[in-house]
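Descriptive structure summary
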Amino acid sequence: CMFHTQYDTGLRISELISMPKGALPPESLYLDQNFEFIPLYVSGVKGRAGKTKERVTVISRALLNRIRKYHSTVEYRQAVQWKVNDPTKPAFLTSNGIPWSLRNAQKQFKAAVHRSGVGDEFVTHWFRHGTAFSVLTSDIGKDYSDRMLAIQSMLGHANPRTTEIY
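These remarks concern the structure in this document. Not measured: the values here are computed from a predicted model. Residue positions are counted from 1 within each chain, in the order its sequence is given. Given that this is a predicted model, residues contribute local features only at a pLDDT of at least 70 and side-chain atom pairs are listed and counted only at 80 or more, while totals for whole chains, interfaces and linings are drawn from all residues. Heavy atoms throughout the structure, all of them, feed into the side-chain values; hydrogens and water do not.

**A closer look at the overall build of the chain**
Helix and strand counts for the chain come out as nine helices and two strands. Mapped from its N terminus to its C terminus, the chain presents α and β elements in the order α-α-α-β-β-α-α-α-α-α-α. Here the C-alpha atoms of the chain give a radius of gyration of 16 Å, agreeing with the 15 Å that 2.2 N^0.38 yields for 166 residues. Across its three principal axes, the chain shows a C-alpha extent of roughly 45 × 40 × 35 Å. Within the chain, the proportion of its 166 residues that are buried is 39%. When contacts within the chain are restricted to residue pairs at least 6 apart in sequence, those whose partners lie at least 24 apart make up 51%. His is not counted, nor are the chain ends, whereas Lys and Arg count as positive and Asp and Glu as negative. Charge positions come from single atoms, namely NZ of Lys, CZ of Arg, CG of Asp or CD of Glu. In the chain, the 22 positive side-chain charges and the 14 negative ones have mean positions that sit 7 Å from each other. The numbering of helices and of strands both runs from the N terminus, where a helix is a DSSP run of H or I of at least 4 residues and a strand a run of E of at least 2. The reference for a compact globule is 2.2 Å times residues^0.38; the radius of gyration itself is calculated from the C-alpha atoms. Three exposure classes are used, based on accessible area relative to the maximum for each residue type with a 1.4 Å probe and protein chains only: buried under 20%, partly exposed in between, and exposed over 50%. By definition, residues are in contact when any of their heavy atoms lie within 4.5 Å.

Following this line, the structure appears as structure tokens:
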């Protein structure tokens, strides 16, 4: 669920593991069938002078429903460090009910890639590239320029040249 979220939103793994449950859009927004994608406001990384920068990406209604199911599991609800509805609780926890560390998330991803047999060169950052590719090949906007602007915003790039890499 966590890595699916990374792919769907284009978040960096460090942004994802530090995202609190309270950052997710309220249920009332994604239960409305008129909206397939909902804005997701995140406290990003890579701001100037080592500061975080706020940015906006989108998350699909289908993924929000999947996260809601994950949040309703006994394991997530009964994690000992937080109350059930604590908005500061991390959106994703390890199977032991503790927050993910960057090293652990990367290690678990590498282990899953190794088990799949597709080659060990995959890294979690490639999910951002996958997000960009999906938007570029979609019908979002009127043309290629609109899609590039959407990607620039979703990935939090200040400079369009950074986005052009994708």
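**A word on the nonpolar core**
In this text, buried Ala, Val, Leu, Ile, Met, Phe, Trp, Tyr and Cys residues form a nonpolar core when linked through side-chain atoms within 4.5 Å. Among the nonpolar cores identified, the biggest contains 22 residues, and Met2, Met19 and Phe92 are the most heavily contacted of them. Listed by contribution, the elements that provide at least two residues to this core are helix H1 (2-9), helix H2 (13-17), strand E1 (37-43), helix H4 (61-71) and helix H6 (102-116). In contact with methionine 2, other than residues within four places in its own chain, are Ile13, Leu16, Ile17, Phe92, Trp100 and Ala105.

**Concerning the packing of H1 against H4**
Contact geometry for H1 and H4: axes closest at 11 Å, N-to-C directions at 160°. The angle between H1 and H4 falls in the class roughly antiparallel. As H1 packs across H4, the resulting crossing turns out to be left-handed. Note on element contacts: H4 touches H1 through Leu63, Arg66 and Ile67, opposite His4, Thr5 and Asp8. Axis definition: a line fitted to C-alpha atoms, limited for helices to the stretch in contact. Angles are taken between N-to-C directions and run from 0 to 180 degrees. Geometric relationships in this document are graded by angle, where less than 35 degrees denotes roughly parallel, more than 145 denotes roughly antiparallel, 65 to 115 denotes roughly perpendicular, and other angles denote oblique. Helix crossings fall into two classes, left-handed where the near helix is turned counterclockwise from the far one by less than a right angle and right-handed where it is turned clockwise.

**Some words on the environment of proline 160**
Structurally, the position occupied by proline 160 is in helix H9 (residues 160-164). As for proline 160 and glutamine 6, which are separated by 154 residues in sequence, their C-alpha atoms are 22 Å apart.

**Details of the pattern of salt bridges**
The term salt bridge refers to a side-chain nitrogen of Lys or Arg lying within 4 Å of a carboxyl oxygen of Asp or Glu. The full count for this structure, using the stated rule, is three salt bridges. In this structure, arginine 12 engages glutamate 15 in a salt bridge whose closest nitrogen and oxygen atoms are separated by 3.2 Å. One exposure class covers both arginine 12 and glutamate 15, and it is buried. A salt bridge links glutamate 36 to arginine 61, with the shortest nitrogen-to-oxygen separation between them at 2.9 Å. With glutamate 36 in the loop between helix H3 (27-30) and E1 and arginine 61 in helix H4, this pair connects stretches of sequence that are 25 residues apart. What makes glutamate 36 partly exposed here is its relative accessible area of 40%. The class for arginine 61 is buried, based on a relative accessible area of 11%.

**Quick notes on the pairing of E1**
Burial of the side chains of E1 is restricted to one face: Ile38, Leu40 and Val42 are buried, whereas none of Phe37, Pro39, Tyr41 and Ser43 on the reverse face is. As paired elements, E1 and strand E2 (residues 54-60) share seven bridges and run antiparallel to each other. Its bridge partner lying in E2, proline 39 is registered against valine 58. Any two strands with at least two DSSP bridges between them are considered paired.

**Observations regarding the packing of H1 against helix H7 (residues 126-136)**
Working note: a packed helix pair is described by the angle between its axes plus the distance between those axes. Between H1 and H7, the least distance of the axes is 7 Å, while the angle of their chain directions is 45°. In terms of orientation, H1 lies oblique with respect to H7. In this structure, H1 contributes Phe3, Gln6, Tyr7, Asp8 and Thr9 to the contact, and H7 contributes Phe127, Gly130, Thr131 and Ser134. Gly falls in the polar group here, along with every residue not listed as nonpolar (Ala, Val, Leu, Ile, Met, Phe, Trp, Tyr, Cys, Pro) or charged (Asp, Glu, Lys, Arg). The residue makeup of the contact of H1 with H7, split by class, is three nonpolar, five polar and one charged.

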